[in-house]
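Fold and geometry: a report
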Amino acid sequence: MKARISVVFAVNDTYAQHLCVAVVSVLENNPGYAFDFYVLTDYFSDVNRELLCRAVTRYGCDHRMEFVTVDDGRFEALRLNIAYITRHTYYRFLIPELLPDTERALYLDADLVVDGGLGELWTTPLDGALCAGVKDLYIERLRYKYRIGLGDDDLYVNAGVLLMDLGAMRREGTVARLMETAVSRGEEFEYQDQDVLNVALRGRICEVPAKWNYASGNAAAEGRKVAVEKPVVVHFTGRAKPWTIWEKSRNPLRGLYFRYLRRCPAPYRRFVWRFRWGRFCRRLCKWRLLGCGTPPPGQFGSY
């Protein structure tokens, strides 16, 4: 019998295509495991549910996909300081509560791909920590963590990939602590839920190698040189994503998104042609042949 891994995402219907890419990338690279995928959402259309479930079952009957409806009203009081991020990013706070029978879970943002095996990360000992993540080099470079009360010895991780000890979190009342911190200090936090997690769980987060969350900010910090040895989780942070037509993602591994998109169901896969046409029009605009102005920065979904 295959060992099972619980993977959690938090998105709405507009991010269905990108979620499918992330899920397919996980399944393509981890044939030795069975996966329980949980999607925390306030709304997901029947069409996209069916497409995602179809994508999962194509890799065998061992895998499961479950959509967990979240009461978005619980987050109305929490601040949103980044224009392209929605309240769904706060849903990860509730994972210990929403999955009461799950002891360990891997939280993943949906704007990433998994380009290797997750077994090593999944079995990482937490040794009393509540969760594990990768140090955010972009935040370190900005020296931002000092502005929110963290010191030199405090780890600040990118919250897009988190290995979570849900049993310990339930015993210690982590959900209430995260929500209280978000309400009481939200005005101070530029990076929203990520700041909340790092401050509220200060001293209880352990570090894992950078290959488990190779973010766009990390790539920029390295001068666009991929110094991480074979990144496994490639995270397209920032406003510009691989699928963004009018801006270019800073992550040098952005092409992986389209590799896995081509293995998704046809309604998603057809975006490749839409993207190519959009990029062609972008070049024409740059050459001033169309006389068009700069289009709005966000297209095709928000996150």
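Remember, predicted model here, so these are calculated numbers, not experimental data.

1. A closer look at the nonpolar core
- F9, L19, F37, L108 and L118 are the most contacted members of the largest nonpolar core, which totals 57 residues.
- A total of nine residues in this core trace back to one element, the largest contributor, which is helix α1 (residues 16-29).
- Those residues in contact with L108 that lie beyond four places of it in its chain are V7, V8, F9, V26, V114, G160 and V161.

2. A closer look at the side chain of T174
- One can find T174 in helix α7 (residues 174-185).
- The residues contacting T174, other than those within four sequence positions of it, are L130, M169 and L201.

3. Section: the packing of aromatic side chains
- Summed over the entire model, instances satisfying the criterion amount to ten aromatic pairs.
- Judged by centre distance (6.5 Å) and plane angle (20°), the rings of F75 and Y90 are stacked. Of this pair, F75 sits in the loop between β3 (64-69) and α3 (95-98) while Y90 is found in the loop between β3 and α3, placing the two residues 15 residues apart along the sequence. Per residue, the accessibility class of F75 equals that of Y90, and both read buried.
- A network of ring pairs unites the aromatic residues Y15, W243, Y257 and F258 as a single cluster.

4. What about α1?
- The end-to-end C-alpha distance of α1 is 20 Å, a good match for the 20 Å that 14 residues give at a rise of 1.5 Å each.
- Counting buried positions along α1 gives twelve out of 14 residues, so the element sits mostly inside the fold.
- Taken residue by residue, α1 has A16, Q17, H18, L19, C20, V21, A22, V23, V24, S25, V26 and L27 as its buried positions.

5. As for the sheet that holds strand β9 (residues 214-215)
- Read across the open sheet, the three strands follow the order β5-β10-β9; overall the sheet is mixed. Strand pairing shows two members of the sheet lacking a second neighbour, β5 (112-114) and β9, which therefore form its edges.
- Pairing analysis gives three bridges linking β5 to strand β10 (residues 233-235), with the strands arranged antiparallel. Residue L112 lies in a different strand from β10, and its bridge partner there is H235.

6. Considering the pairing of strand β7 (residues 157-165)
- Counted residue by residue, β7 has eight buried out of nine residues, so it is predominantly covered.
- As paired strands, strand β4 (residues 104-108) and β7 are joined by five bridges and run antiparallel to one another. Bridge assignment links Y107 to a residue of β7, and that residue is L162.
- In terms of strand pairing, strand β6 (residues 131-135) meets β7 through four bridges, oriented antiparallel. Bridge pairing in β7 links K135 to V157.

Cut-offs and rules
- Residues numbered from 1 in each chain as written.
- Predicted model: local features only at pLDDT ≥ 70, side-chain atom pairs only at ≥ 80, totals over all residues.
- Heavy atoms only, no water.
- Core = buried A, V, L, I, M, F, W, Y, C linked by side-chain atoms within 4.5 Å.
- Buried < 20%, exposed > 50% of the residue type's maximum accessible area, 1.4 Å probe, protein only.
- Helix = DSSP H or I, 4+ residues; strand = E, 2+ residues; numbered from the N terminus.
- Contact = heavy atoms within 4.5 Å.
- Phe/Tyr/Trp six-rings, centres within 6.5 Å; stacked < 30°, edge-to-face > 60°.
- Expected span 1.5 Å × (residues − 1).
- Pairing = 2+ DSSP bridges.

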